[in-house]
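Here are the chains, one letter per residue:
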Amino acid sequence: MKTDKDVIIIGGGAAGMAAAQYSSREGLKALLVEEMSLGGQALLIEGIENYPGCPEAVSGFELAERFETQARKFGAEFLYATVKSLVKKDNVFTVETTKGTLTSLAVILAAGAKHRHLGVPGEEKLAGRGVSYCASCDGPFFKNQKIIVVGGGDSACDEAMFLSKLSSKIVLIHRRDRFRAQKALADRVLANKNIEVRLSTALEEIRGKANDKGIEKVSSVILKNTLTGETYEEETAAVFIFAGSLPSNQLVPDVPKDSGGCILTDEKMETATGGLFCAGDLRSKPFRQLVIAAAEGALAAHSAAEYIDGISAPVR
């Protein structure tokens, strides 16, 4: 059957670019579609020090460039466009984008999940410079420094516990008067001597100061007591925000998902729809890291190649 591409990859983060590289290495005609900038959430990270093979910290931007260069080297093609719809009929996927309609035999969804932002002043400006949404990614940069953690759910409590291993100056704030997290998890946080819990406390603003290199980084926050309305400024080196995430799952409303909206797959990264694979932060899993996203992208590409071999000879 004749299609424009063998496989179309939707999303240009670590999972998508790994999928593009491995699809091309499998001999498939692969196209990656990205609406913004290649790199995904990694672009928010100033220094990545835990990616295998990179003993020295590398910026998210530089790592994304390496991913892209490697994928292009193997023949992957890239298109900057927004995907408007995705439909499968008779073993052919039709992908409608803002730059035209394309067809393929398989699709790999790697559109990721966006961290839910609070929208407070200073949050966007200081993202990656003291404002973070990933404790395991950025926590080590703030060892033994004061850290404000925002949130009251499982993620906030989990990440606060992780950060408490790096610093004894963790302040966990939550705007409500009780946690949303599971009781056992909340109890562990309350019992942790390195974590100060302040309920009924909201983050109003994040402020920064320029360091000796002229780079503005987080220096303090404005907090508000939601019971009294009192506001006050407090110094801190970092603000970690865990207000939930928004999986980019709008293209596949009927594909099975977990309670958080992330897509369910089998061990081959295949969804309930044959030929539709998923990798990266959009896929349901307990742990999210760049290395995991890249591995899932590679596996999804390999599985897509097997699927295509099973239904038709690939496009050449």
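Further up the page is the structure itself.
Residues numbered from 1 in each chain as written. Predicted model: local features only at pLDDT ≥ 70, side-chain atom pairs only at ≥ 80, totals over all residues. Heavy atoms only, no water.

Draft legend 1. Highlighting helix H4 (residues 154–163). Turning to H4, its buried residues number three or more, namely Ala-156, Cys-157, Ala-160 and Leu-163. Down the axis of H4, the sector holding all buried residues measures 125 degrees, keeping them to one side. Each element contacted by the buried residues of H4 is listed here: helix H3 (135–138), strand S9 (147–150), strand S10 (170–174), helix H5 (183–191), strand S11 (195–199) and strand S15 (238–241). (Buried < 20%, exposed > 50% of the residue type's maximum accessible area, 1.4 Å probe, protein only. Helix = DSSP H or I, 4+ residues; strand = E, 2+ residues; numbered from the N terminus. Arc of directions from axis to C-beta. Contact = heavy atoms within 4.5 Å.)

Draft legend 2. Summary view of the pattern of salt bridges. All chains considered together, the criterion is met by 15 salt bridges. A salt bridge links Arg-66 to Glu-62, with the nearest nitrogen and oxygen atoms 2.7 Å apart. Here the residue Arg-66 and the residue Glu-62 both occupy positions in helix H2 (residues 60–73), the gap between them amounting to four residues, near one helical turn. Linking Lys-84 and Glu-96 is a salt bridge whose minimum nitrogen-to-oxygen distance equals 3.6 Å. Taken as a pair, Lys-84 in strand S4 (residues 83–89) and Glu-96 in strand S5 (residues 92–97) lie far apart in primary sequence, twelve residues in all. Given the relative accessible area of 51%, Lys-84 is considered exposed. (Salt bridge = Lys/Arg side-chain N within 4 Å of Asp/Glu carboxyl O.)

Draft legend 3. Summary view of the packing of H4 against H5. Where H4 meets H5, the closest approach of the two axes is 10 Å, and the angle between their N-to-C directions is 35 degrees. In terms of crossing hand, the pair formed by H4 and H5 is left-handed. For the pair formed by H4 and H5, the contact residues are Asp-154, Cys-157, Asp-158 and Met-161 on the first element and Leu-185, Ala-186, Arg-188 and Val-189 on the second. Taken together, the residues of the contact of H4 with H5 sort by class into five nonpolar, no polar and three charged. (Axes fitted to C-alpha atoms, helices over the stretch in contact; angles between N-to-C directions. Left-handed = near helix turned anticlockwise from the far one by under 90°. Nonpolar A, V, L, I, M, F, W, Y, C, P; charged D, E, K, R; others polar.)

Draft legend 4. The sheet that holds S9, seen in detail. Across the sheet, five strands lie side by side as S8-S15-S9-S10-S11; this open sheet has parallel pairing. On the outer flanks of this sheet lie strand S8 (131–132) and S11, each paired with one strand and no other. In terms of strand pairing, S9 meets S15 through four bridges, oriented parallel. Considered in S15, the bridge of Ile-148 is made with Val-239. Those strands touched by H4 are S9, S10, S11 and S15, and its axis lies near 165 degrees from that of S9. (Pairing = 2+ DSSP bridges.)

Draft legend 5. Just the packing of helix H1 (residues 14–25) against helix H6 (residues 290–311), in detail. It is at 7 Å that the axes of H1 and H6 come closest, and there the two elements cross at 35 degrees. With respect to the hand of their crossing, H1 and H6 are arranged in right-handed fashion. For the pair H1 and H6, the contacting residues are Ala-14, Ala-15, Ala-18, Ala-19, Tyr-22 and Ser-23 in the first and Leu-290, Ala-293, Ala-294, Gly-297, Ala-298 and Ala-301 in the second. The residue inventory of the contact of H1 with H6, partitioned by class, reads ten nonpolar, two polar and no charged.

Draft legend 6. How the structure looks around the sheet that holds strand S12 (residues 201–210). Taken together, the three strands give an open sheet; going across it, the order is S12-S13-S14, and neighbouring strands pair in antiparallel fashion. The sheet terminates laterally at S12 and strand S14 (231–235), the two strands that pair on one side only. With direction set aside, neighbouring strand axes in the sheet form an average angle of 30 degrees. In this structure, strand S13 (residues 216–225) lies alongside S14, joined through five bridges in antiparallel fashion. Within S14, the residue paired with Leu-223 across the bridge is Tyr-232.

Draft legend 7. Region of the structure containing unusual backbone geometry. Unlike most non-glycine residues, Asn-91 shows phi in positive territory, near 65 degrees. Relative to the assigned elements, Asn-91 resides in the loop between S4 and S5. Unlike most non-glycine residues, Ser-200 shows phi in positive territory, near 55 degrees. Within the fold, Ser-200 resides in the loop between S11 and S12.

Draft legend 8. Focus on the pairing of S11. Judged from the five bridges that link them, S10 and S11 form a sheet pairing that is parallel. Opposite Ile-173, over in S11, you have Arg-198 as the bridge partner. Crossover handedness for the path S10 to H5 to S11: right-handed. (Right-handed = clockwise from strand over helix to strand, strands pointing away.)

Draft legend 9. Focus on the state of the cysteines. In this structure the tally under the stated criterion is one disulfide. The side chain of Cys-134 participates in a disulfide bridge whose partner is Cys-137; the two sulfur atoms lie 2.2 Å from each other. The sign of the S-S torsion, about 70 degrees, decides the handedness of the disulfide formed by Cys-134 and Cys-137: right-handed. The class of Cys-137 is buried, set by a relative accessible area of 16%. Not part of a disulfide, Cys-278 finds its nearest cysteine sulfur in Cys-262, a span of 8.2 Å. (Disulfide = S-S within 2.5 Å.)

Draft legend 10. Highlighting the side chain of Ser-219. Counting through the fold element by element, Ser-219 comes out in strand S13. Dropping the residues within four chain positions of it, Ser-219 is found in contact with Arg-207, Gly-208, Lys-209, Glu-235 and Thr-236.

Draft legend 11. Just the nonpolar core, in detail. Counting residues in each nonpolar core, the largest one holds 39 residues, and the members touching the most others are Ile-9, Tyr-51, Leu-63, Phe-67 and Ile-108. For this core, the secondary-structure elements that each account for two or more residues are strand S1 (5–10), H1, strand S2 (30–34), H2, strand S6 (100–109) and H6. The leading source of residues in this core is H6, at nine residues. When near neighbours in sequence (up to four residues on either side) are disregarded, Tyr-51 contacts Leu-63, Phe-67, Leu-290, Val-291 and Ala-294. Judged by nonpolar contacts, the second largest core, of 21 residues, contains Cys-157, Ala-160, Leu-163 and Leu-172. (Core = buried A, V, L, I, M, F, W, Y, C linked by side-chain atoms within 4.5 Å.)

Any functional reading would require information that these geometric values do not contain.
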